[in-house]
Amino acid sequence: MNSKTKKSLQSLGLVAAFSLLGTTAFAGVLKKPYLIYEMPNTTMTVLWQDNAVETTNTISWGTDTSYALGSATVPEETRPGTVNQHKYKITGLAPNTRYYYQVADSGSGLVYGTGSFITAPEENATSVKFIGQGDSRSQPFALNNLMKTVKAFSAQSPDFAEYQRLTIANGDWVSTDGESYWTSEWFVPAMTDIAAYTASTPMDGVKGNHDNSSGYSTTFTKYWPFPYPNATLKAGSAATYNNLYWSMDYGPVHVTYVDEYSSYAPGSAQYNWLVSDLANTTKPWKILVYHEPSYSSGKDADNVAARALEPLVTQYNVDLIFAGHSHNYARTGAYTAAQANGDQIALNVPHFTSGGGGAPIYQPDYSNAGNFPHVITAWPAYQFMTFDVNGKNLTMNAYQVNNVSNSAITPLSSSFPAADGAATLSVSLIEQVALHHFTNVAAQITATTSNFVYNRATKLYTGNLTLTNNGPALSGKIDVVLDGMVHLQGIGSADNEYSTASPKVTSKIANKPATGKGSSDPGLLANVTLTNATGSNNGEPMIQASSTGLAKGASVTVALSFSNPTNIEIKFNPVTYQE
Amino acid sequence: MKFKAIKLFTASLVLLAAGSAYATPIHETLYTPTLNGTAGYIYLQNGTINNGATVKVENFTTDGTLGAVDTVNVLNLASGTLPGTVTFGSATKDVTDYNQAITFGNWINFDLDYSAFTQGSSTFTFSFFSDIQGLAPLLTYNGAVFMSDLNSDNSVTSSNAAPVPEPSTMLLLCAGLVGIFAVKLRRKGTPVEVVGLTA
């Protein structure tokens, strides 16, 4: 046998060996490439883990799959505890642009993984879309099915593709802060949809109690090394940290992540940082993210200590709180002091629980009479949320993922996102909530109602709302929010397949919505619909009164139409806004 | 000066001319000569927003004939029976209503008495229908012949669907003045018919 033949045979053998590896595991890679966004908007960070054999890898990127824009040789990280881990921050990118990347072994050229991402928006962008999820732990098949669904959701259209650009996560990524849990619950070779999702969508977030060990984290910090400004090593350790709080800007949005397992009491380093962070951001939209909700629908206990942050939420005009911990969807809040009933809660701020990201589902407590006050809406479901910022408007949708199995990878519905009648993955709306940065001009408006009549033929209650401007002229669109009512049109049709109550829950609306335990306030009116609403604000119906402003001293009358099946007394406080 | 013979909602015009100050009771006459002899229903309703008032219909008289009170095609039946006092208002329900058969005559008189007013607004409506379910209105497009709003500032604004006579405003004023004089002479429950002067 000549040397040439020998070499050919040797090459064939090597190829065969690698091929064999490729069919049983990710040849050369233990954890396929995934993304985090660390800022600025001209960068994207790619992480992966080799198999301890091929230690030097190459990353290439470009605006198409020729990856011709740039490449780099990436050695293993030198951070203590990051054995076999690689991390590379691609720089010099353009904001708001789609890029493609590939990670390969430098020696053999074996491709470990590919992906594409959309860079963060321009700093002065006024619109952006992204996803929110939480509590992905413990059930890898469920997590895989959810990520498969969200990926397909984002692929519906170019407009929906915007959601791919970022996911914010509120904690409990795996069930314990340990290597084996990341391997068995997140970086699972068979869970190809998890890998596909995280290869193309950066995930930024905060730790949960399951990612925490006595106030510290080791493997969470290893795999999700967000730009923590004050991460602190545990005494005597090389890779265990606390103070894992941080914040980020994303177009018009500022997201602040609070580490609930490091002190955030007034006077603590984290509290002082939080005050400075919220005070100094110039972004119009502010989201506060932490794991354990200050107010939820259960079943895990609310974090009463987190309620100490509510005054900061009010003081610094935080728009919403995004938390998890309880494995379901819930929106809690209070609109008036009477509803707050002495509880420390920022008024008119929606507190979201988005904990249906893969962990076993919890059933909500709708009573507002026990340990979980101020529930407005809730739903047991595997779910995710979408955030859609457009100038002064933020629209949030909570979606239920239907037919999520925790024992097998489930196919998508043939009519996705709609259901096809089979046990396939589809999406249905739990609730839509809109927030607006309109100007409250109620102080200069006199609002009166009149001509309120029930029509037995149409079964509608109609009347007039007259607004008189007692102050300076108002220009543009004038809207009136009927404060005190639930915007029923925002409630979706997601079914109760995940309800284990007997009988199953049928309504997403809590008893005496928004009230505290023992409150005499009746809560939001929950069975009256403003049928001619033109929008909503923070879960309450809204109607446009004028599109051409309102002069000083002038009046405008807008017709109101209600559906009121139980003839309950209609009560609301009309609050006027200028867009 | 020639005046046509006209039939007026005289009492209500005087009240309207006097302005919209809240005063109880409010005296109203609904004139129904075009429905004289017709069988139908009178539907009374009080709707409230933000804890509206309790309303009483008192001193009801008519030259028509009242029939049976309907307890089915109502949302929340008012208490009492015409021609006695009927009270509208509820601490928990939005609309209180009352539906009764009638063979119309030429007029209907009643007093509207707002009491127990707290806040918000109330709208009292007096409607005519030809059917018990309220699907076939009489006289107006929706059957509402009289509507009275008690506003949160204690003011009352009322409207009456009585057809406005053809004579000029001056004739109307003259007729009103004559009407005032006639009312003073009228016995309780008797309508006033104003006959104009002819040249």
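This is a predicted model, so every value here is computed, not measured.

### Digging into the domain arrangement of chain A
Often, the extent of an interface is quoted as the loss of accessible area upon association of its parts.
Here is step 1: Structurally, chain A comprises domain 1 (28–120), domain 2 (126–436) and domain 3 (439–486 + 524–578).
Here is step 2: One C-alpha centre belongs to domain 1 of chain A, the other to domain 3 of chain A; they are set 54 Å apart.

### Examining the interface of chain A and chain B
Here is step 1: Counting residues at the interface gives 18 residues for chain A and 25 residues for chain B.
Here is step 2: Contributions of two or more residues to the side of chain A that touches chain B are made by β24 (445–455) and β25 (460–469) of chain A.
Here is step 3: For the side of chain A that touches chain B, the element with the highest residue contribution is β24(A), accounting for eight residues.
Here is step 4: Counted by class, the side of chain A that touches chain B contains seven nonpolar, eight polar and three charged residues.

### Some points on the sheet that holds strand β9 (residues 144–150) of chain B
Residues and elements named next belong to chain B.
Here is step 1: The strand order across the open sheet formed by six strands is β4-β6-β2-β8-β9-β10, and the pairing between neighbours is antiparallel. The open sheet has two edge strands with one neighbour each: β4 (65–70) and β10 (156–160). With direction set aside, neighbouring strand axes in the sheet form an average angle of 15°.

### Overview of the nonpolar core
All names here are of chain A.
Here is step 1: By size, the foremost hydrophobic cluster in this structure holds 188 residues, and its most contacted members are V46, L146, V258, V289 and V480.
Here is step 2: With six residues, the single largest contributor to this core is helix α2 (residues 140–154).
Here is step 3: Other than its neighbours up to four places away in sequence, V46 contacts P33, L35, I59, Y88, I90, Y101 and V103.

### Points about α2(A)
Residue and element names in this part refer to chain A.
Here is step 1: Taking 1.5 Å per residue as the helical rise, α2 with its 15 residues ought to reach 21 Å, and the 21 Å between its terminal C-alpha atoms agrees with that figure.
Here is step 2: For α2, a buried count of twelve out of 15 residues is recorded, marking the element as mostly surrounded by other parts of the structure.
Here is step 3: Among the residues making up α2, those that are buried are P140, A142, L143, N144, N145, L146, M147, K148, T149, V150, F153 and S154.

### Observations concerning the pairing of strand β29 (residues 540–546) of chain A
Look at any regular strand and the pattern is simple: side chains alternate between the two faces of the sheet.
All names here are of chain A.
Here is step 1: Here β29 lies mainly inside the structure; six of its seven residues are buried.
Here is step 2: As paired strands, strand β26 (residues 478–483) and β29 are joined by four bridges and run antiparallel to one another. The residue of β29 that forms the bridge with D479 is Q544.
Here is step 3: If you look at the hairpin formed by strand β28 (residues 535–537) and β29, you'll find two residues sitting between the two strands, and N538 has a positive phi there, around 50°.

Scoring rules and cut-offs
Residues numbered from 1 in each chain as written. Chains lettered and ligands numbered in written order. Predicted model: local features only at pLDDT ≥ 70, side-chain atom pairs only at ≥ 80, totals over all residues. Domains from an automatic or database assignment. Contact = placed C-beta atoms within 7 Å. Helix = DSSP H or I, 4+ residues; strand = E, 2+ residues; numbered from the N terminus. Nonpolar A, V, L, I, M, F, W, Y, C, P; charged D, E, K, R; others polar. Pairing = 2+ DSSP bridges. Axes fitted to C-alpha atoms, helices over the stretch in contact; angles between N-to-C directions. Core = buried A, V, L, I, M, F, W, Y, C linked by C-beta atoms within 7 Å. Buried ≥ 20, exposed ≤ 12 C-beta atoms within 10 Å, placed from the backbone. Expected span 1.5 Å × (residues − 1).

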